[in-house]
Amino acid sequence: MNNYNSLIKASIKKNYRNSTIFNKNFYNYFCQQRHQEFEKLSKSRFQMDKLKSKDSTYKTISQIYNSNVNKTNEKKVLIFYQKFEINLSLKISYDKVFKKKSNIETSLSTYIILGLLVSNFKSLNLYQKANCILKILDKVLLNNKSKNSCDPKKLQKLMIIEKQLLNKILNEK
């Protein structure tokens, strides 16, 4: 698991640019790490993050997740998706034209909900969904300090979706 974590941390530092990994055991490391994290989540306790009360990005994405996704909401989520894909982070607040108001990063729960929303979009293809969810899970699972502030059921659900997407990609070839 340490091999996977060290390889991914190096990739994240470069925003995944030029991060093709030719290690033959990488997929095994990946599967092993995800399995161990999935098992840990079933035993973990959920603690509410104190920042969520001030986190307008979390509130926006959470409201969209809990309501019906209409065209307006879908556009908002796609903008958050694009911001995450470019910067690998979302900020705690944005203005009406989605320009950041703060440099403080949003809570990890926001990313999980974003991943769950992205997985249902028909406007994104299989590879875009898998890429986004892989990055989200890498970000969340490598952050040991704040991982307990995430809802373990939603995180496990996102991990299952990731596995299904990867299986579809592997079966295509």
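Structure: above.
What you see is a predicted model, and the numbers here were worked out from it, not measured in a lab. (Residues numbered from 1 in each chain as written. Predicted model: local features only at pLDDT ≥ 70, side-chain atom pairs only at ≥ 80, totals over all residues. Heavy atoms only, no water.)

### What to know about the overall build of the chain
Okay, so step 1: Scanning the chain from terminus to terminus reveals seven helices and zero strands.
Okay, so step 2: Each helix (α) and strand (β) of the chain, taken in turn from the N terminus, gives the series α-α-α-α-α-α-α.
Okay, so step 3: C-alpha atoms of the chain, sized along the principal axes, occupy 45 × 35 × 30 Å.
Okay, so step 4: Taking all contacts inside the chain whose residues are at least 6 apart in sequence as the whole, residues at least 24 apart take part in 69%. (Helix = DSSP H or I, 4+ residues; strand = E, 2+ residues; numbered from the N terminus. Contact = heavy atoms within 4.5 Å.)

### Notes on the packing of helix α4 (residues 71-87) against helix α6 (residues 126-142)
Okay, so step 1: Packing of α4 against α6 brings their axes to within 11 Å, and their N-to-C directions diverge by 65°. Two packed elements cross with a definite hand, and for α4 against α6 that hand is left-handed. Taken together, the residues of α6 that come into contact with α4 (itself represented by Tyr81, Phe84 and Glu85) are Gln128, Asn131, Cys132, Lys135, Ile136 and Lys139.
Okay, so step 2: For the contact of α4 with α6, the class distribution of residues is four nonpolar, two polar and three charged. (Axes fitted to C-alpha atoms, helices over the stretch in contact; angles between N-to-C directions. Left-handed = near helix turned anticlockwise from the far one by under 90°. Nonpolar A, V, L, I, M, F, W, Y, C, P; charged D, E, K, R; others polar.)

### Section: the environment of Thr57
Okay, so step 1: Position of Thr57 relative to the elements: it lies in helix α3 (residues 56-66).
Okay, so step 2: You can call Thr57 buried: its relative accessible area is 2%.
Okay, so step 3: Sequence spacing of Thr57 and Phe84 is 27 residues, and the spatial spacing of their C-alpha atoms is 12 Å.
Okay, so step 4: Setting aside residues no more than four positions away along its own chain, Thr57 makes contact with Phe80, Leu90, Lys91, Ile92, Ser93, Tyr94, Thr106 and Thr110. (Buried < 20%, exposed > 50% of the residue type's maximum accessible area, 1.4 Å probe, protein only.)

### Description of α4
Okay, so step 1: Across its 17 residues, α4 extends 24 Å between first and last C-alpha, which sits within 8% of the 24 Å expected from 1.5 Å per residue.
Okay, so step 2: All buried positions along α4 are accounted for by Asn73, Val77, Phe80, Tyr81, Phe84 and Glu85. End-on, the buried residues of α4 take up no more than an arc of 135°, which puts them together on one face. Structural note: α4 exposes Lys71, Thr72, Lys75 and Ile86 on the side pointing more than 90 degrees away from its buried face.
Okay, so step 3: Where α4 begins, the side chain of Asn70 points an oxygen toward the backbone nitrogen of Thr72, at a separation of 3.2 Å.
Okay, so step 4: Positioned one or two residues after α4, Leu88 has a phi angle of 60°, which is positive. (Expected span 1.5 Å × (residues − 1). Arc of directions from axis to C-beta. Polar contact = N/O pair within 3.5 Å; in protein donor to acceptor, adjacent residues only side chain to side chain.)

### A word on the packing of α4 against helix α5 (residues 108-118)
Okay, so step 1: The geometry of α4 relative to α5 is characterised by a closest axis approach of 11 Å and an angle of 115° between their N-to-C directions. Remark: the crossing between α4 and α5 carries left-handed chirality. Contact residues: Val77, Phe80, Tyr81 and Phe84 in α4; Tyr111, Leu114, Leu117 and Val118 in α5.
Okay, so step 2: Among the residues forming the contact of α4 with α5, the class breakdown is eight nonpolar, no polar and no charged.

### Quick notes on the side chain of Thr106
Okay, so step 1: With respect to the element layout, Thr106 can be found in the loop between α4 and α5.
Okay, so step 2: Residue classification places Thr106 among the buried residues on the basis of a relative accessible area of 5%.
Okay, so step 3: Reaching out from Thr106, the side chain makes a polar contact with the side chain of Asp55 at a distance of 2.5 Å.
Okay, so step 4: Among the polar contacts listed, one links the side chain of Thr106 to the side chain of Thr110, at a separation of 2.8 Å.
Okay, so step 5: Contacts of Thr106, omitting those with residues within four sequence positions, involve Asp55, Thr57, Tyr58, Leu90, Lys91, Ile92 and Tyr111.

### Here's the deal with helix α2 (residues 26-43)
Okay, so step 1: Its 18 residues give α2 an end-to-end C-alpha distance of 26 Å, which sits within 8% of 26 Å, the value for a rise of 1.5 Å per residue.
Okay, so step 2: Looking only at α2, the buried set comprises Phe26, Tyr29, Phe30, Gln33, Arg34, Glu37 and Leu41. End-on view of α2: buried residues confined to an arc of 125°, all on one side of the axis. Away from the buried face of α2 by more than 90 degrees, exposed residues Ser42 and Lys43 are located.

Purely geometric numbers; function is a separate question.
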